[in-house]
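So the chains spell out like this:
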Amino acid sequence: MDISLNWLKDLINIDLSAEATAEALTRVGLAVEGIERHGDDTVFDVDITSNRPDCLSHLGIARELGAALGESLDVFEPEPEIPMPPVLAHDIVRIDDPKRCYRFTARIIRGVKVGPSPKWLVDRLEAVGERSINNVADITNYVMLELGQPMHAFDLDKLAGGRIIVRPARAGEKMVTLDDVERSFDESMLLVCDAEKPAAIGGVIGGLESAITDSTVNVLLEVAYFRPDSVRTLARKLGVSTEASHRFERGVDIDNIVRASQRAANLICEVAGGQKGEFIDIYPTPIHRTEIECGDVSNAVARLTGMEVSESKAVSILDALGIESEDRNGLRVFCSPSWRYDISIEEDLVEEVARHTGYEKIKELLPPASGAGEFQAAEPQKASVRNCLIDMGYSEALSYSFIDTAWDDVFQPVPKLDRNEGVRSVTLRDSVIENAVRMRQTALPGLLDAVKLNNNHQIRDVRLFEIGKAFISEEPGELPTERELLCIVGSGGDLHADRVEPERTLDFFDLKGAVEGAFEAAGVEAAEFEAADLLHLRSGQSASILIAGNKVGALGRLSEEIAQKYKFRQPVFVGELDLTAVLAANRRTSSYTPIAKFPSVRRDVTFEVGRTPAVAAILRSARTSGEPLIEHVGLVTVFEGGSLSPGHRAVTIRVEYRSAERTLSEEEVEYSHSRLLARLDSELGLRPRK
Amino acid sequence: MLIYSVFSVLSFRRPWTNTNMIEEKETVEAAKAAFDGEFEKFVDPGVNGDAAARLSELVALRVRHTGKKSALAESKKLIGKVAPEVRGEFGQLVQSVERSIVERLDAAEASLKAAVSEAKTEAERIDVTLPGRRIKRGTLHPITIVRRRIEEIFVSMGYSIEDDREIETDYYNFDALNIPEGHPARESQDTFYTTDGFALRSQTSTVQIRAMERRGVPIRIIAPGKVFRRDTPDMTHVPMFHQIEGLCVDKGITMAHLKGTVTEWLKRLFGEDTITRFRPSYFPFTEPSAEFDFSCFKCHGTGKLEGERCRPCKGSGWIELGGSGMVHPNVLKAVGVDPTVYSGFAFGFGLERMAALMYSIDDIRHLFDNDLRFLEQFR
């Protein structure tokens, strides 16, 4: 809020420079974020926290400054006045909903001459960023900025029946407001009406028809109190926020109403002529001030801040802030002032004392030592996975957790997030990014967007990964399931350090290698891969990833259909893993086997096969043959092309025979090897290639 | 041809013994002369030419002049045939000739071998400035880098790292944090809601509650994590970002410990000369509350950098970082902790802001674009 230094000086004696004044305000929690000269005035941009609506006025700021500088306020004091007796007053003002409108005052001013405001008024308003409208409206603004009390001036002659009824709207009621917008109301909305129709939206904005114009002669000045949450709801529903609603939402000083009304009336009479007439004050719902019992403020301050502030010093700070106290049977009882709604417990008093003593006076201490710190249990594993992937050339990405609904049913999530039966994704009511209301079940769209963005910048070689959560709904009323995913994407070539052109184009096995590396880095059992068809992957180049027989994710080449949607011009390979499941898997274990004393005998054997059996099946069959002399079976090469018929492959495996007791004889090896070949023949129909 | 003629002379003389050894000496001289003549071209090691070819020529030369069928070998055989009284003298002659030949051959061979090896080394010379062979390394996201650094500092200060749910109930996101229904912070349009009425956590303070429920007190935790607010993306706002929340609850904890702790970790991150400033502020879940600033790590609080206005602190010398305060008694009560026995402090700040400061990032949307031209700058 803009605060004028000259205006403050009307309210309190300030001997400090503008800068020192700003510092004093900042020190007590009224952060001055800007200082600007305005003619002979200085204007502070003060950041006011939502708990301090009392500081949304020059009076409020002056009050804080007074407590900080030890100066007393010189503020307008109203003349004693007797409002119209209730019997008569109810003919002019009636509150039908005292639960939302606690107090309503109306003052009649007759014979005004509406016109431009005098220079002093225009200057004051302009200094704090307000535009001058006319002398009457300007005074209502001026008094609000001075005393914090929003108010509204009606043209009395345009109010049907010359009266006010504060009531809920009737279905279908409409009104054009001061901002020239026609607004429709529902029955939940509290309006300030005349005898027939709405004249203002309570605590928010006035109606255009009953507004002050150049021809206005008689004025009804409203100064009222509306309940904060009701104004907030109303303003939200209507989508308007005004200086008035901003203050009412946070709470205005209900005891300040008469002062504000009289101040405004006096000023209107001063700048626009006219005579003060009747004053109506309907006050059905009083607000009770909070009382706080505090045996020992000094002790409370020490307990929470470590500062030594004497009881008398603390009490005098609180007193200067309007928090009065009395001794009741040996117990000090503090009473929150009418303008403060944020003082209700002992800790609140401590804050008042602390900030007016100065936070800089609080010492800097470290708490006494306690136990050792710890990372999250899975953090070392996750750190290893991250490090492993960056070593393999993948950069870490971060994308939004909410994604476009256009990606619904395009990707197949990891199994734990893909429960086909009655599964519901988590959806946001609305988003700030168009259509991005789906909480992701997969992180792939984010990474693919990144591939696209990089491609658009002529970066073709893209390797990225992301670790982050994905979501799925549970039973109604239950919190959604959150699982952490590891998502990886690769496209383009295997770019090497300090080279601008890759040597080779990435393929399935690059991504597979990265996934295997991640498993190894996480220290869990090796992953298994089996050919599988997945929604978003190209058939024949896609695999399910399993750990201990359970599917935890998938890997493969992005389907042509999705690639086209993204307009990718080169193959893109993607993988997604349920990291929560991977990290929970059994840890890899090591145990020592004595190093062999006798030499081994190696036999390489080549089989010509089609697309099946898979190499994994050949190796598995050989490894599980049960031949006691087989120590190890490994893959040598897979060859395609040459003299082989299309679709055929020459798979060479190496079998290593060894005994722990002796050097094997040729006959022993031959016997074992022929039994192995016989098994491969009977199980898989494999014959060694000549 | 020369070998042949020497041989024929020797055969012719054999039947007689003599003591003046004229012919024998001539034979030795001839062998030497023959070698000298052929070896001449190897005398100058500076002679150009293919060292490897010259070396094999030299090897052949050695065979011819020192081998079994060489004139030298024949000369040696003559030693036994000369008269015993001059045999010693003749023997010495032959030996000296042989030594001379072998020594010269050895020297020439050594020098040629060196030349061959040198030529090979020269031929195999590489450009060591070519890049090493390794895959181009990826990079950690700057948020991860900053998070790790801060986590390491706090773990060393005895804090445990915690995280928890990102989608929360209103209870954890608001009620337990002393933000009751009707509170402006709650009804502000900041929070994302799911259609099932759950909130995307709008601050990591939710983890305070979850952690205290799980672990009880005393407690010292740091909770880094994603939070969500309904801000339209611009240079300084994004709808999803990261916060780090700190919480310390024990008997006798005061704001002095808050100030000390915040100052200590900022010193560890930005250097010993870092100082902090606490300003009164307001947060529903702390009372008293404070915002904290620290002296700018670029200009060390002077506000000026090389005569210009310092950018990270906008010339003020201070960088505003986060919010903090003493845990509100209602928050402690919400997790069954007696606020008359225990007290605690909490603080929080944004990782995006931290990363933006540390790396001079002018637009935090970059952090979520995944543009490799951006990501690869953080090595």
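What this report covers is the structure whose coordinates are included nearby. All values reported here derive from a predicted model rather than from experimental measurement.

Basis of the calculations
- Residues numbered from 1 in each chain as written.
- Chains lettered and ligands numbered in written order.
- Predicted model: local features only at pLDDT ≥ 70, side-chain atom pairs only at ≥ 80, totals over all residues.
- Heavy atoms only, no water.
- Helix = DSSP H or I, 4+ residues; strand = E, 2+ residues; numbered from the N terminus.
- Rg over C-alpha atoms; globule rule 2.2 N^0.38 Å.
- Buried < 20%, exposed > 50% of the residue type's maximum accessible area, 1.4 Å probe, protein only.
- Areas by Shrake-Rupley, 256 points an atom, 1.4 Å probe, with all protein chains shown as cover.
- Lys, Arg positive; Asp, Glu negative; His and termini not counted.
- Charge placed at Lys NZ, Arg CZ, Asp CG, Glu CD.
- Axes fitted to C-alpha atoms, helices over the stretch in contact; angles between N-to-C directions.
- Parallel < 35°, antiparallel > 145°, perpendicular 65-115°, else oblique.
- Left-handed = near helix turned anticlockwise from the far one by under 90°.
- Contact = heavy atoms within 4.5 Å.
- Nonpolar A, V, L, I, M, F, W, Y, C, P; charged D, E, K, R; others polar.
- Pairing = 2+ DSSP bridges.
- Salt bridge = Lys/Arg side-chain N within 4 Å of Asp/Glu carboxyl O.

## Digging into the overall build of chain B
The secondary structure content of chain B amounts to 13 helices and 11 strands. What you see for chain B is a C-alpha radius of gyration of 47 Å, clearly larger than the 21 Å of a compact globule of 379 residues, by over 25%. Dimensions of chain B along its principal axes, counting C-alpha atoms only, are 140 × 50 × 40 Å. Here chain B, with 379 residues, has 52% of them falling under the buried criterion. Carbon and sulfur atoms provide 52% of the accessible area of chain B, an area that totals close to 17400 Å². Within chain B, one finds 52 positive and 55 negative side-chain charges whose respective centroids are separated by 4 Å.

## Some remarks on the packing of helix 2 (residues 22-43) of chain B against helix 4 (residues 71-79) of chain B
Residue and element names in this part refer to chain B. It is the contact of helix 2 with helix 4, at a shortest axis distance of 9 Å, that shows an interaxial angle of 155°. Here helix 2 lies roughly antiparallel to helix 4, going by the angle between them. Crossing geometry of helix 2 relative to helix 4 is assigned as left-handed. Note on element contacts: helix 4 touches helix 2 through Ala-71, Leu-72, Ser-75 and Leu-78, opposite Glu-24, Thr-27, Val-28 and Ala-31. Of the residues assigned to the contact of helix 2 with helix 4, the class counts are five nonpolar, two polar and one charged.

## Focus on the pairing of strand 3 (residues 41-47) of chain A
Residue and element names in this part refer to chain A. Counting buried positions along strand 3 gives five out of seven residues, so the element sits mostly inside the fold. Of the pairings in the sheet, the one linking strand 2 (residues 31-38) to strand 3 comprises seven bridges and is antiparallel in character. Its bridge partner being in strand 3, His-38 is matched across the sheet by Asp-41. Hairpin geometry of strand 2 and strand 3 is characterised by an intervening segment of two residues between the two adjacent antiparallel strands and by a positive phi of about 60° at Gly-39.

## Focus: the environment of B:Pro288
Mapped onto the elements, B:Pro288 comes out in strand 7 (residues 286-295). B:Pro288 gets classed as buried once you look at its relative accessible area, which sits at 0%. Residues B:Pro288 and B:Val238, spaced 50 residues apart in sequence, show a C-alpha to C-alpha distance of 29 Å. Every residue in contact with B:Pro288, bar those within four places of it in the chain, is listed here: A:Leu304, A:Glu347, A:Val350, A:Glu351, A:Tyr359, B:Met255, B:Gly325 and B:Met326.

## Observations concerning the pattern of salt bridges
Any two side chains of opposite charge can pair if their charged atoms end up close together. Applying the stated criterion across every chain, the model contains 85 salt bridges over all chains. Ionic pairing is found between A:Arg687 and A:Asp681, a salt bridge with its closest N-O pair at 3.0 Å. Given a relative accessible area of 58%, A:Arg687 falls into the exposed group. As a salt-bridge pair, B:Lys25 and B:Glu89 come within 3.4 Å of each other at their nearest N and O atoms. Remark: B:Glu89 occurs in helix 5 (residues 84-123) and B:Lys25 occurs in helix 2; sequence separation between them is 64 residues. Through salt bridges that share partners, A:Arg52, A:Asp54, A:Glu64, A:Arg340, A:Asp342, A:Glu352 and A:Arg355 make up one connected network.

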